[in-house]
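# Examination of the molecular architecture
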Amino acid sequence: MAFRGRTDGPNGSNVEQLKKMKKLGGRSGIFIGFLVVLFIIVGLGLSWVTEYIWMDSLDFSSVFTTILSIKVMLGAIGFVLFAIITYITLFWIKRTYLSQFSIHQLPPFLQRGKTLNLIILAGTLFVGLIGSTTVQGLGWEPALKIMNYVPFGETDPFFNRDISFYMYVLPFLKFVVNLLLSLSIFVLIVEVAAYSVFHIYRMNKSAQSHLSLTVLIVGVLLAVTHVLEPFSTLLTNRVNIFQHSVVHGLSFTDRMVNIPVSYVLAAFSIIAAVWIILSLRKGRIHKLIMPIAIYFGIIILGQGASFVVQQFIVSPNEFNREAPYLEHNLNYTRAAYGLEGMEEKEHPGNVDSLSEDLIKRNQLTIDNVRINDARPLLDVYNQLQTFRTYYQFNDIDIDRYKIDGKYQQVFIGARELNTEDLPEQAQTWVNQNLRYTHGYGIAMSQVNKVTSQGQPEYLVRNLPPQGAIDIEKPQIYFGEEDYRSVIVDTEVNEFDYPAGEENVSTRYEEEAGIPLTGLNRLLFAIDEGSIRILVSGQINKDSKLLQTRNIMERVERIAPFFEYDDDPYVFVRDDGSLAWMIDAYLIGEGYPYAENFDGRNNYIKNPVKVVVDAYTGETNFYITNPDEPLVRTYQNMFPNLFTTEIPDDVRSHFRYPEQLFKIESAMYGTYHMTNLELFYNREDYWQFPTEKYYNEDVEMEPYYTTMKLPEYDEEEFILMVPYAPRNRQNMIAWMGVRNDGEHYGEKFVYRFPKQENVYGPQQIENRINQDSVISQELNLWSQGGSSVIRGNLFALPIEDTVLYVEPIYIESSNETSLPEVKQVVVAYGDHIAMEATFDEALQKIVDRVEKGIKPEEVPDADGEVTDEGNTEEDQQDQPNTDPILNADEVLGEVSDLFNQYQKALSEGDWQKAGEIMSELDQRLK
């Protein structure tokens, strides 16, 4: 017994060591925790600092500070709110436990006050951080909008609220209420779990008070949720979990059932909360289930009543019941998608007016008919205009330029650099970061001309770029490639372009980029995760870092609140520099009564065009529609982001985005019906026609074309799409939007007579398939392993008539083969012709129409019919249409020639291939 308290024996020594280790472990844990917190703070701080420096280098630092300040403010509010509520909850639970039990009845960790306080503090901090992250991450944009929003100046017809209420106020209110409700339910679950131990809630007044307060808060927040629900009925066509209404927006069932049920639920939420509180106070725990059951019962009864009304009152007499609401749906959807005030005109669809005079009056339209297709053309550009494996064309876009004073539609692509395709031995840090820094130049070709080999006729080509347009700054530092950061103005000369056996070098000539001097060099070495930036002797005081060079990542980093079109396009400015154009969209889901185009989104506008300089990376956000309420709201939020003065050489290359036009034109297919009964029955529903592309039937996409509208004297750049009636193939109308000058964005529709048949695209495709001459020639081309590719079919309204044009590509099975335009089909009314060039095919059609030759008088594949309407002299001018003698022998010769042509292509002997093709063309004729 005398030795029990000694610590100098073996056991005593172990105890001392354990105490020391425990003390050391505690200090180590604190130190490690401190390091973790410090690492997080330093990481966030470094990220903010480098982001600020990058944004400031682009003169957008105010955008960064605005977003950061609102995030910090909301993060602080979220942290304080969540932390305080969590602390109060845990502290109240602790106090309740201590008042209910003696210290010896509590678990060991609750007996140690210091440990318990640390647990409460840790829980408080953890929940506070979750709250901070959630509030600032989801709430910064709604909060900025609510602080800066601009009214639409138009109200809904039921609640008489400005549309801005549904766009800004309602989403923010829902966010706040749902956040608080989620937190309150979480707290309630924690309390129920804590007070269920030994049924504390039955005996302890403190526990009952705590639960009562939380139940009351949950009840009030549920009531607010239900009060807001009626506003949401204007934004959906769902009337219950089983049914949808024919109306997008408020419907008969919503007004008669769903809205009253929402108010009943709101009132009963308060009643149920009070009921539960009283039951808790009186200890009648078994009665707690009653208000909850009634609450869910009301929900089920409301859904049932909604189903009954929709099924047995609305559906049997739907049009009369829903007529007032259908009218709201029609009018507000037209307003949301900009379909009001459109110019709607009749087009005669005349098929007898084609003549030489009409062609001459519309020569510029004829000269810009597209007989090339961007998708096959991309393969051609990548094989013939890259010159090195590390160059790449990512996309071929269509645009228009004035070349030699003539308005001309062109294909254009940027020759970008992909350092991943450098030879393996050349993929060094210096090469990838200092030397191979940029792509070089563009290729541009005409849309309506091809060479004798079926290849595009270039307007600009080669390295350095040569052609009809001067390219003064061909270097492309910023583009569509997945570019890594590079450093310019170093001790290493940059590779510019290959010239024969040698490479031409260059130096960066602008001040753009982040200077790698002083602390910047350390910060961005850490940011880029590259120690070489810090230690490389190739970097000097003049060196600059070009970061985020992919243009899509660049604009999203600057302005993440926009949606961006996924098809940017390059263009040449008047000073010969290259730039990229990107369409920015503002999308909303709060336009009352408007039909959704994607998920819950029912409002989309393109009020901003973003231009990124391909050399400097300078980024400008140009406002094209300053009256649009959403963009005015963002102007209030970020006044230094936008530019209102648009240079002429930028405006001249504006294109109305295909993505937006497709959404609007699809909506117009339904919402052109202003007669309410027609609209309800969808009797005159229009849809996009189909065409044959790559030998598959696909839905026709909108396409750009240069044409002269019937009421105007000059050709202009138009984006258009034809319509066909539902389940039919004739063309009923076509919709277009203007792109040039002050008329940019003006939409219009031409309707064809309903009592006459105007051939639609699929009908023309079917006639091409059924034409014996054309089908025989296409079958011949497809022999020997080659593929016949049907290009896009273009419907071209010209004055009071319509032409159809479709290029035919031939591609051999050889891996290095190129798709080549070998034939062009032109269709006009019942006439159809296929020739080696568009001009030849068009001329054949014009000759037939002017000479009165009927389609049935045109010889078929066997040459059985002659042109009886022609004079002997005319017949001498026509191609020989007699039956082919020794057909099998002739087909064999043609097949041999074609095999020789393929072999010449595979060997890269273009001259020989051209000679064989010329001979083949003559043989076929």
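Here, the structure is the one placed above.
Residues numbered from 1 in each chain as written. Predicted model: local features only at pLDDT ≥ 70, side-chain atom pairs only at ≥ 80, totals over all residues. Heavy atoms only, no water.

The next subject is the overall build of the protein. Assigned secondary structure in the protein consists of 27 helices and 32 strands. Within the protein, buried positions represent 52% of all 925 residues. Contacts in the protein between residues far apart in sequence, at least 24 positions, make up 66% of those at least 6 positions apart. When the accessible surface of the protein is totalled, it reaches about 43,000 Å², and 54% of it is carbon and sulfur. (Helix = DSSP H or I, 4+ residues; strand = E, 2+ residues; numbered from the N terminus. Buried < 20%, exposed > 50% of the residue type's maximum accessible area, 1.4 Å probe, protein only. Contact = heavy atoms within 4.5 Å. Areas by Shrake-Rupley, 256 points an atom, 1.4 Å probe, with all protein chains shown as cover.)

Bringing the layout of surface pockets into the picture now. Its boundaries defined by the atoms lining it, the second largest pocket holds a volume of some 1,300 Å³. Forming the boundary of the second largest pocket are 47 residues, of which Lys174, Ser232, Leu235, Glu589 and Arg600 lie nearest the centre. Every element with two or more residues in the lining of the second largest pocket is listed here: helix H4 (113-148), helix H5 (163-195), helix H7 (205-232), helix H8 (252-282), helix H9 (289-314), strand E17 (578-588) and helix H18 (629-637). No other element matches H5, which puts eight residues into the lining of the second largest pocket. Of the residues belonging to the lining of the second largest pocket, the class tally is 23 nonpolar, 15 polar and nine charged. (1 Å grid on protein atoms, 1.4 Å probe; cavity = no way out; pocket = protein on both sides within 12 Å on 5 of 7 lines; lining within 4 Å. Points joined across faces, edges and corners; volume = space filled by probe spheres on them. Nonpolar A, V, L, I, M, F, W, Y, C, P; charged D, E, K, R; others polar.)

Taken together, the three strands give an open sheet; going across it, the order is E10-E14-E13, and neighbouring strands pair in antiparallel fashion. Strand pairing shows two members of the sheet lacking a second neighbour, strand E10 (486-488) and strand E13 (514-515), which therefore form its edges. Note that E13 and strand E14 (residues 544-546) share two bridges and pair antiparallel. Pairing of Ile514 across the sheet is with Leu545, part of E14. (Pairing = 2+ DSSP bridges.)

We now examine the packing of aromatic side chains. We describe a pair of aromatic rings using the distance from one ring centre to the other and the angle between the two ring planes. Tallied over the entire structure, the rule returns 48 aromatic pairs. Arranged with centres 5.4 Å apart and planes meeting at 75 degrees, the rings of Tyr381 and Phe393 form a pair that is edge-to-face. You can see Tyr381 sitting in helix H13 (residues 374-384) and its partner Phe393 sitting in strand E2 (residues 391-393), a full twelve residues away along the chain. Residue classification places Tyr381 among the buried positions, given a relative accessible area of 0%. Using a relative accessible area of 1% as the deciding quantity, one classes Phe393 as buried. The interplanar angle of 50 degrees and the centroid separation of 5.1 Å between the aromatic rings of Tyr671 and Phe679 together place this pair among those described as tilted. (Phe/Tyr/Trp six-rings, centres within 6.5 Å; stacked < 30°, edge-to-face > 60°.)

With that settled, the discussion passes to the pattern of salt bridges. Within the structure shown, the criterion is met by 27 salt bridges. Here Glu799 ties to Arg361 by a salt bridge, and the two come within 2.8 Å at their closest N and O atoms. Residue Glu799 is located in the loop between strand E29 (794-798) and strand E30 (801-811), and its partner Arg361 is located in helix H11 (residues 356-361); the two are separated by 438 residues in the primary sequence. A residue is classified by how much of its surface remains accessible, and Glu799, at 24% relative accessible area, is partly exposed. The class of Arg361 is partly exposed, set by a relative accessible area of 45%. Of the charged contacts, one joins Lys662 and Glu701 as a salt bridge, the two residues approaching to 3.0 Å between their closest N and O atoms. Within this pair, whereas Lys662 is found in helix H20 (residues 658-671), its partner Glu701 is found in the loop between strand E23 (696-699) and strand E24 (703-707), the two being separated by 39 residues in sequence. With a relative accessible area of 40%, Glu701 lands in the partly exposed category. Here the salt bridges share partners, and the residues they tie into one network are Asp399, Arg400 and Asp740. (Salt bridge = Lys/Arg side-chain N within 4 Å of Asp/Glu carboxyl O.)

Contact pair H5 / H7: the axes reach a minimum separation of 9 Å and the direction vectors enclose 155 degrees. On the basis of their axis angle, the class for H5 and H7 is roughly antiparallel. Judged by the sense of rotation from one axis to the other, the crossing of H5 with H7 is left-handed. (Axes fitted to C-alpha atoms, helices over the stretch in contact; angles between N-to-C directions. Parallel < 35°, antiparallel > 145°, perpendicular 65-115°, else oblique. Left-handed = near helix turned anticlockwise from the far one by under 90°.)

With that out of the way, let us pick up the nonpolar core. Judged by nonpolar contacts, the single largest core of 165 residues is most densely connected at Met444, Phe562, Tyr564, Tyr591, Phe621, Phe638 and Leu641. When residues in this core are grouped by element, the largest group, twelve residues, is from H5. Not counting the four nearest positions on each side in its chain, Phe638 is found in contact with Val63, Thr66, Ile67, Trp140, Leu144 and Phe561. (Core = buried A, V, L, I, M, F, W, Y, C linked by side-chain atoms within 4.5 Å.)

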